Amino acid sequence: AGTGVVYASSTMPGPGNPTMVGRTPYVVAVVDLDDGVRMLTNVVGDGATEVVVGDRVTVAWEPLEDGRHLPVFVRAEAGDA
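Just so it is clear, the model here is predicted, and its values are computed rather than measured.

> Just checking my understanding: could you explain unusual backbone geometry for this structure?
Backbone geometry follows two general trends: most residues other than glycine have a negative phi, and most peptide bonds adopt the trans configuration. With an omega of -5°, the peptide bond between Thr24 and Pro25 qualifies as cis. Relative to the helices and strands, Pro25 is located in the loop between β1 (3–12) and β2 (26–33).

Right under this line is the structure:
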């Protein structure tokens, strides 16, 4: 379904790996998907650094240079997800 709930999160003030240079601060989160899977991901977009445990999130797809897409999550609007 591409929807879930934030189980845990951490805001990274500096790059934890070279691919995140220039993208700080960023949020690393564990998301419990409504489909029963728990995954490690990033929360992106408006309000990402204010995400808290229990927030609803929805999947977004970040394009990669090689043509693949990385699943990331955005905070759900009230009434979404």
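Now that the structure has been shown, the text picks up again.
> How should the packing of aromatic side chains be read in this particular structure?
Two aromatic rings, taken as a pair, are described by how far apart their centres are and by the angle between their planes. Throughout the structure, instances matching the rule amount to zero aromatic pairs. For the cation-ring pair, Arg38 lies above Tyr7, with the distance from its terminal atom to the ring centre recorded as 3.6 Å.

> Would you take a moment to explain the side chain of Asp55 for this structure?
Tracing the sequence through the fold places Asp55 in the loop between β3 (38–43) and β4 (56–63). At a separation of 3.3 Å, a polar atom in the side chain of Asp55 contacts the side chain of Arg75. When neighbours within four sequence positions are excluded, Asp55 is seen to be in contact with Gly4, Val5, Val6, Glu50 and Arg75.

> How should I be thinking about the pattern of salt bridges in this particular structure?
Proximity of charged atoms lets side chains of opposite charge pair with each other. Counted according to the given criterion, the structure contains five salt bridges. For Arg38, the salt bridge goes to Asp32, with nearest N and O atoms at 2.6 Å. By relative accessible area, Arg38 is classed as partly exposed at 47%. For Asp32, a relative accessible area of 24% puts it in the partly exposed group. Taking the shortest distance from any N to any O, the salt bridge between Arg68 and Asp66 comes out at 2.7 Å. Overall, Asp66 belongs to the exposed group, its relative accessible area being 52%.

> Looking at this structure, how should I read the nonpolar core?
As a rule of thumb, nonpolar side chains are buried together in soluble globular proteins. If you look at the biggest cluster of nonpolar residues, it comprises 10 residues: Val6, Val27, Ala29, Val31, Leu33, Val43, Ala48, Val51, Val57 and Phe73. No other element matches the four residues that β2 contributes to this core. What Val6 contacts, discounting residues up to four positions off in sequence, is Val30, Val51, Val52, Val53, Gly54, Asp55 and Val57.

The rules behind each value
Residues numbered from 1 in each chain as written. Predicted model: local features only at pLDDT ≥ 70, side-chain atom pairs only at ≥ 80, totals over all residues. Heavy atoms only, no water. Helix = DSSP H or I, 4+ residues; strand = E, 2+ residues; numbered from the N terminus. Phe/Tyr/Trp six-rings, centres within 6.5 Å; stacked < 30°, edge-to-face > 60°. Lys NZ or Arg CZ within 6 Å of the ring centre and 35° of its normal. Polar contact = N/O pair within 3.5 Å; in protein donor to acceptor, adjacent residues only side chain to side chain. Contact = heavy atoms within 4.5 Å. Salt bridge = Lys/Arg side-chain N within 4 Å of Asp/Glu carboxyl O. Buried < 20%, exposed > 50% of the residue type's maximum accessible area, 1.4 Å probe, protein only. Core = buried A, V, L, I, M, F, W, Y, C linked by side-chain atoms within 4.5 Å.

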